[in-house]
Amino acid sequence: ALSFAPFTAAGFIVGQTLGLGEVLGREEMWPVLLSSCAFPALIQLATLPWCPESPRYLLIDKEDRNLCMKALRRLHGDVNLSAELDEMLEEQTALEGQHAKGLWELLRDGALRRQISIIIVL
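Worth saying up front: this structure is predicted, and the values here are computed from it rather than measured.

Calculation notes
Residues numbered from 1 in each chain as written. Predicted model: local features only at pLDDT ≥ 70, side-chain atom pairs only at ≥ 80, totals over all residues. Heavy atoms only, no water. Helix = DSSP H or I, 4+ residues; strand = E, 2+ residues; numbered from the N terminus. Rg over C-alpha atoms; globule rule 2.2 N^0.38 Å. Patch = residues over 30% accessible without salt bridge, like charges linked within 9 Å, V, L, I, M, F, W, Y side chains within 5 Å. Areas by Shrake-Rupley, 256 points an atom, 1.4 Å probe, with all protein chains shown as cover. Salt bridge = Lys/Arg side-chain N within 4 Å of Asp/Glu carboxyl O. Buried < 20%, exposed > 50% of the residue type's maximum accessible area, 1.4 Å probe, protein only. Expected span 1.5 Å × (residues − 1). Arc of directions from axis to C-beta. Contact = heavy atoms within 4.5 Å. Core = buried A, V, L, I, M, F, W, Y, C linked by side-chain atoms within 4.5 Å.

Draft legend 1. Geometry of the overall build of the protein. In terms of helices and strands, the protein carries eight helices and zero strands. In the protein, the succession of helices and strands from N to C terminus is α-α-α-α-α-α-α-α. Computed over its C-alpha atoms, the radius of gyration of the protein comes to 21 Å, more than 25% above the 14 Å expected for a compact globule of 122 residues. Each principal axis of the C-alpha distribution contributes one length, and for the protein these read about 60 × 45 × 20 Å.

The following block contains the structure:
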C-alpha cells in the first residue's frame, strides 16, 4: 500500500534537484522554481472529479447507503461487498451518540497531548 512517505521523499528529491544552481537555482530563475509547485496541484485538481468519494464517508457521515455501494463497486468491482459493508455498518453503530471533539477538548485530553505536540513540532 502506498502512503504519503514515498511522495514526500520524491518531492524533496525533485526540490533539491531543481534548486541546484545549474538547474533553476539562479537568481533570475526563482520565479520558475517558485511556480513549479503549481504543476502537481493542477494535475490533482484536474483529476479529482474522477476519483470516487470514500465509501466510509458516504455511509457514516452522509448516511447514503446507495452512494456507498456505488463507490464500493467502483473501487472493488462486482465482488461480494457485504463483509465490507457490514464492517462499516458496525463502525457506524459504534459511533452513534459520539460527537467530534473541538480543539480545546483535544488539547485537554491527556492521551492525545503527546501526539498533538509532535504534530505541532513537525
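Draft legend 2. Structural detail: unusual backbone geometry. For Glu 63, which is not glycine, the phi torsion reads 55° and is therefore positive. Structurally, Glu 63 can be placed in the loop between helix H4 (55-61) and helix H5 (65-76).

Draft legend 3. Quick look at a nonpolar patch on the surface. Together, Leu 103, Trp 104 and Leu 107 line one region of the surface with nonpolar side chains, adding up to about 350 Å² of accessible area. Locating Leu 107 in the fold gives a position in helix H7 (residues 103-108). Residue Leu 107 is classed as partly exposed on the basis of its relative accessible area of 31%.

Draft legend 4. Fine view of helix H6 (residues 82-95). The first and last C-alpha atoms of H6 sit 20 Å apart over 14 residues, in line with the 20 Å expected at 1.5 Å per residue. Among all positions of H6, only Leu 85, Met 88 and Gln 92 are buried. For H6, the arc enclosing every buried residue in end-on projection is 65°, short of the 170-degree limit, so these residues lie on one face. The exposed set on the far side of H6, more than 90 degrees from its buried face, consists of Ala 83, Glu 87, Glu 90, Thr 93 and Ala 94. Among the structural elements, H4 and H5 are those in contact with the buried residues of H6. Of the residues trailing H6, Gly 97 is marked for its positive phi of about 90°.

Draft legend 5. Just the environment of Glu 53, in detail. Structurally, Glu 53 can be placed in the loop between helix H3 (38-47) and H4. Overall, Glu 53 belongs to the partly exposed group, its relative accessible area being 42%. The spatial distance from the C-alpha of Glu 53 to the C-alpha of Leu 103 is 26 Å, given a sequence separation of 50 residues.

Draft legend 6. Local environment of the nonpolar core. Formed by Leu 58, Leu 59, Cys 68, Met 69, Ala 71, Leu 72, Leu 81, Leu 85 and Met 88, the largest nonpolar core amounts to nine residues. Considering every element that reaches this core, the biggest residue donor is H5, with four residues. Those residues within four positions of Met 69 in sequence are excluded, and the remaining contacts are Leu 81 and Leu 85.

Draft legend 7. Molecular detail of the pattern of salt bridges. If you walk through the whole model with that rule in mind, you get three salt bridges. Residue Arg 26 is joined to Glu 28 by a salt bridge in which the shortest nitrogen-to-oxygen separation is 3.0 Å. Residue classification places Arg 26 among the partly exposed positions, given a relative accessible area of 35%. You can call Glu 28 exposed: its relative accessible area is 54%. Of the charged contacts in the structure, one is a salt bridge between Arg 56 and Glu 91, with a shortest N-O distance of 2.8 Å. With a gap of 35 residues between them, Arg 56 in helix H4 and Glu 91 in helix H6 connect regions that are remote in the sequence. Classification of Arg 56 as partly exposed rests on a relative accessible area of 33%. According to the relative accessible area criterion, Glu 91 is partly exposed, its value standing at 30%.

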